[in-house]
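Each chain, written out:
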Amino acid sequence: MKNKPAIETDTDLLAKISKDDQVAFKELYKRYWKQCYQQVLRRSGDTMLAEDLTQGVFVSLWEKRKSVTVNNVSAYLFTALRFRFITYLKSQIHEETYTSHSLLEACDPPNSVEMAMRIKELNEAIDKGVAMMSPKTKAIYTLSRTEHYSVKEIANKLNLSEKAVEYHITQSLKTMRLALKDFLPLILLLQKLF
């Protein structure tokens, strides 16, 4: 009776992929494509977008196979996917903003300039809010809001209790609310674009 071949770890597959092993790449793709696809589909509701972004992440991994260092495949893929999704959203917003800007410029030039200034001020206020946080709160805020780690993942990563992580997230949100209190109408307008 033949023994079943041992299931290769992600690390084994990555080592083979770095040596141009397409079979290993296909195996890694089979392991993770569905999760990646569903992550985008859940957020966008768009099957074509989910396919395109998922395909793009794997193509990028293959293209960078000799230079990229990956310690955790799922974290790497989901982070890359998140960035691609955010980039897509930004491009959509830029497209809509450009269209709105063109319309506003045709009707009332000062409004479009004012809106651009308000968005610049909002970005500066966000940066100031983050700068006001203590180093630990800032690190936890970044992991939570920018990298989308769960409370449990942050606690494990930083060797803290979940209560401590929740405390820092609460503090960071209070700081951001204070820093952004003058921008509520603009934030509500930008949320409509999302």
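Because the structure is predicted, anything quoted here is derived from the model rather than measured. (Residues numbered from 1 in each chain as written. Predicted model: local features only at pLDDT ≥ 70, side-chain atom pairs only at ≥ 80, totals over all residues. Heavy atoms only, no water.)

Our focus in this paragraph is the overall build of the chain. When you go through the chain residue by residue, the secondary structure sums to 9 helices and 0 strands. When the elements of the chain are put in sequence order from the N terminus, they spell out α-α-α-α-α-α-α-α-α. Burial analysis of the chain (194 residues in total) assigns 28% to the buried set. Long-range contacts, defined as pairs at least 24 residues apart, comprise 60% of the intrachain contacts of the chain with a sequence gap of at least 6. (Helix = DSSP H or I, 4+ residues; strand = E, 2+ residues; numbered from the N terminus. Buried < 20%, exposed > 50% of the residue type's maximum accessible area, 1.4 Å probe, protein only. Contact = heavy atoms within 4.5 Å.)

With that settled, the discussion passes to the side chain of S172. Following the sequence through the fold, S172 ends up in helix α8 (residues 162-179). Polar contacts involving the side chain of S172 include one to the main-chain carbonyl oxygen of I169, which spans 2.7 Å. Not counting chain neighbours up to four residues away, the residues in contact with S172 comprise M133, T137 and Y141. (Polar contact = N/O pair within 3.5 Å; in protein donor to acceptor, adjacent residues only side chain to side chain.)

What follows is about the packing of helix α7 (residues 151-158) against α8. Relative to each other, α7 and α8 sit at 110°, their axes nearing to 9 Å. The pairing of α7 with α8 is recorded here as roughly perpendicular in orientation. Taken together, the residues of α8 that come into contact with α7 (itself represented by V151, K152, I154 and A155) are E162, V165, E166 and I169. Residues that form the contact of α7 with α8 fall into these classes: 5 nonpolar, no polar and 3 charged. (Axes fitted to C-alpha atoms, helices over the stretch in contact; angles between N-to-C directions. Parallel < 35°, antiparallel > 145°, perpendicular 65-115°, else oblique. Nonpolar A, V, L, I, M, F, W, Y, C, P; charged D, E, K, R; others polar.)

All right, on to the confidence of the model for the chain then. On average, residues of the chain score 77 in pLDDT, and 76% of them reach the 70 mark or higher. At the level of individual helices and strands, the chain shows its lowest average pLDDT in helix α9 (residues 184-193), which scores 50, and its highest in α7, which scores 90. Note that residues 101-110 has pLDDT below 50 and, in this model, 5 contacts with residues that lie over four places away or in other chains. Confidence drops under pLDDT 50 across residues 190-194; counting only partners more than four residues distant or on other chains, this segment forms 7 contacts. (pLDDT = per-residue confidence, 0-100.)

Unusually for a residue other than glycine, D20 sits at a positive phi of about 70°. Mapping D20 onto the fold places it in the loop between α1 (10-17) and α2 (22-44). You can call D20 partly exposed: its relative accessible area is 36%. Even without being glycine, N159 reaches a positive phi, approximately 55°. Tracing the sequence through the fold places N159 in the loop between α7 and α8. Residue classification places N159 among the exposed residues on the basis of a relative accessible area of 71%.

Moving on, we get to helix α6 (residues 135-146). Here α6 contains 12 residues, and its C-alpha end-to-end distance of 15 Å stays within 8% of the 16 Å for a straight helix at 1.5 Å per residue. Just beyond α6, the residue with positive phi is H148, at close to 60°. (Expected span 1.5 Å × (residues − 1).)

It is worth spelling out the pattern of salt bridges at this point. A complete count under the given rule lists 6 salt bridges for this structure. For the salt bridge of R65 with D20, the shortest nitrogen-to-oxygen distance reads 2.6 Å. Of this pair, R65 sits in the loop between α3 (47-63) and α4 (73-107) while D20 sits in the loop between α1 and α2; the two residues are 45 residues apart in sequence, bridging distant segments of the chain. Linking R31 and E27 is a salt bridge whose minimum nitrogen-to-oxygen distance equals 3.2 Å. Highlighted residues: R31 and E27, both in helix α2, separated by 4 residues, approximately one helical turn. Residue E27 is classed as partly exposed on the basis of its relative accessible area of 29%. Taken together, the shared-partner salt bridges in this structure form one network comprising D10, E27, K30 and R31. (Salt bridge = Lys/Arg side-chain N within 4 Å of Asp/Glu carboxyl O.)

For E147, the location among the structural elements is in the loop between α6 and α7. Its relative accessible area of 29% is what places E147 among the partly exposed residues. Between the alpha carbons of E147 and T79 there is a distance of 7.1 Å; along the sequence they are 68 residues apart. Excluding residues within four positions of it along the chain, E147 makes contact with R82 and T142.

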